[in-house]
Amino acid sequence: MNAILFHQHGNIEVLEYRDFPTPQAGPGQVLVRLQVAALNHLDIWVRKGWPGLKLEYPHFPGADGAGEIAALGEGVTNWSIGERVVINPNLSCGTCEYCLAGMDNRCNDWGLLGETTRGTYAEFIAVSARNLLRIPRDFGVHEAATAALVFLTAWHSLIKRGQLKAGETVLIVGASGGVNLASLQIAKLGGARVIVVGSGPEKLALAESLGADHLIDRGQESSWSEVVFDITHKHGADIVVDNVGTTFPESFRAAARGGRILTVGNTGHPRVEIDNRYVFAKHLSLIGSTMGTHNDFRSVMDLVFKGRLKSILDQTFPLRDAGAAQSRLERGEQIGKITLEIS
Ligand SMILES: [Zn+2]
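Now for a quick tour of the structure. Keep in mind that this is a model prediction, so the values were computed, not measured.

Further remarks concern the coordination of the zinc ion. Bound to the zinc ion on the protein side are Cys93 (SG), Cys96 (SG), Cys99 (SG) and Cys107 (SG), at distances that span 2.3 to 2.4 Å. Geometry at the zinc ion is tetrahedral, judged from the four donor atoms that bind it and their angles of 102 to 116 degrees at the metal. Linear spacing of the donor residues for the zinc ion on their chain is C-x2-C-x2-C-x7-C. With relative accessibility at 31%, the residue Cys93 sits in the partly exposed group. Residue class for Cys96 comes out buried when judged on its relative accessible area of 10%.

Set out below in structure tokens:
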């Protein structure tokens, strides 16, 4: 099969389009013929590497993918060849104490497609049958693939960890990232009032089209926490979605008393300084999470399939041009999700 792979960390140049042996479906696994892979910032971080990340080379990037079933491994029932499926990229053992309690994103043997195993930038992938969901007949494969990681992550963070309630005010720091756009839609569906801080008219217009109630242009406002207090009549934001990290000081200021700061990553920098006075004096909670559970995946993808949450599609590139696709993401030029067309 053809795949995008790399043998060492580095810039775009390390990515190679190569022939590689097609994987086999092991016991409990299904072989999926991938039609689409969707890009995430994770793909770039894994290519560049970080201390402690150990990959089995050659490594394939890619957490998100959708396609059709090509073969069934031993013991797999309830699936047939040719069915269209989307993959849940959160890998778990299914037997540890966390998995048995339904918290499989805290699994003792936790993994993530494209990070701890070879990913979706390939014509085929073997994954556990537990990680598959059927794509309805009239639903697009690009829309399914691009929804998986971002909606799963945003759903677990806002609904399970953040306990979002109708009528609350949610501040989202950033208007372009996939998780932020998913969070915006989930917050609106949950009955919240949503404020988005972003830069650039095009990205803010997209946030508005997805239902944002208030837009703050970061380029025009030096202190967006003050604007949040004006908008909310000095109440502040009940929930702040901050996946930048370096913006924590401003997010802590923008939060209401008893506010929850939700984070699933750091597009800025992993190390930030926290002014503890805000934390105790305002009764703040800093709540982290990563990915989501099988239950979350079913719940949120059902809303995606029904059209109540929607994928925002940017450009599509052929698999062999994955380098150009990642460059576009790295430059931040995309509005919505970038995909790779595989077959
Ligand atoms: Zn487990």
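Read on, since the account is not over.
Moving on, we come to unusual backbone geometry. Following Tyr57, the chain continues into Pro58 via a peptide bond in cis, with omega recorded as -5 degrees. Secondary-structure assignment places Pro58 in the loop between α1 (41–48) and β4 (64–72). Although it is not a glycine, Gln163 adopts a positive phi angle of roughly 55 degrees. Using a relative accessible area of 48% as the deciding quantity, one classes Gln163 as partly exposed. Positive phi values are uncommon outside glycine, yet Met291 reaches one of about 50 degrees.

Moving on, we get to the packing of helix α3 (residues 141–161) against helix α4 (residues 178–189). Axes are the key here: two packed helices are described by the angle between their axes and the distance separating the axes. Where α3 contacts α4, the axes come no closer than 8 Å and their chain directions differ by 50 degrees. Taken as axis vectors, α3 and α4 run oblique relative to one another. The element α3 and its partner α4 pack so that their crossing is right-handed. Taken together, the residues of α4 that come into contact with α3 (itself represented by Val150, Phe151, Thr153, Ala154, Trp155, Leu158 and Ile159) are Gly178, Val179, Ala182, Ser183, Gln185, Ile186 and Ala187. A per-class count over the contact of α3 with α4 returns ten nonpolar, four polar and no charged.

In this structure, Gly49 sits in the loop between α1 and β4. Each C-alpha atom, one on Gly49 and one on Leu100, is 32 Å from the other, the two residues being 51 residues apart in sequence.

Conventions we followed
Residues numbered from 1 in each chain as written. Predicted model: local features only at pLDDT ≥ 70, side-chain atom pairs only at ≥ 80, totals over all residues. Heavy atoms only, no water. Donors = N, O, S within 2.8 Å, 3.2 Å for Na, K, Ca; no water. Tetrahedral: all angles 85-135°; square planar, octahedral: opposite > 155°, others 65-115°. Buried < 20%, exposed > 50% of the residue type's maximum accessible area, 1.4 Å probe, protein only. Helix = DSSP H or I, 4+ residues; strand = E, 2+ residues; numbered from the N terminus. Axes fitted to C-alpha atoms, helices over the stretch in contact; angles between N-to-C directions. Parallel < 35°, antiparallel > 145°, perpendicular 65-115°, else oblique. Left-handed = near helix turned anticlockwise from the far one by under 90°. Contact = heavy atoms within 4.5 Å. Nonpolar A, V, L, I, M, F, W, Y, C, P; charged D, E, K, R; others polar.

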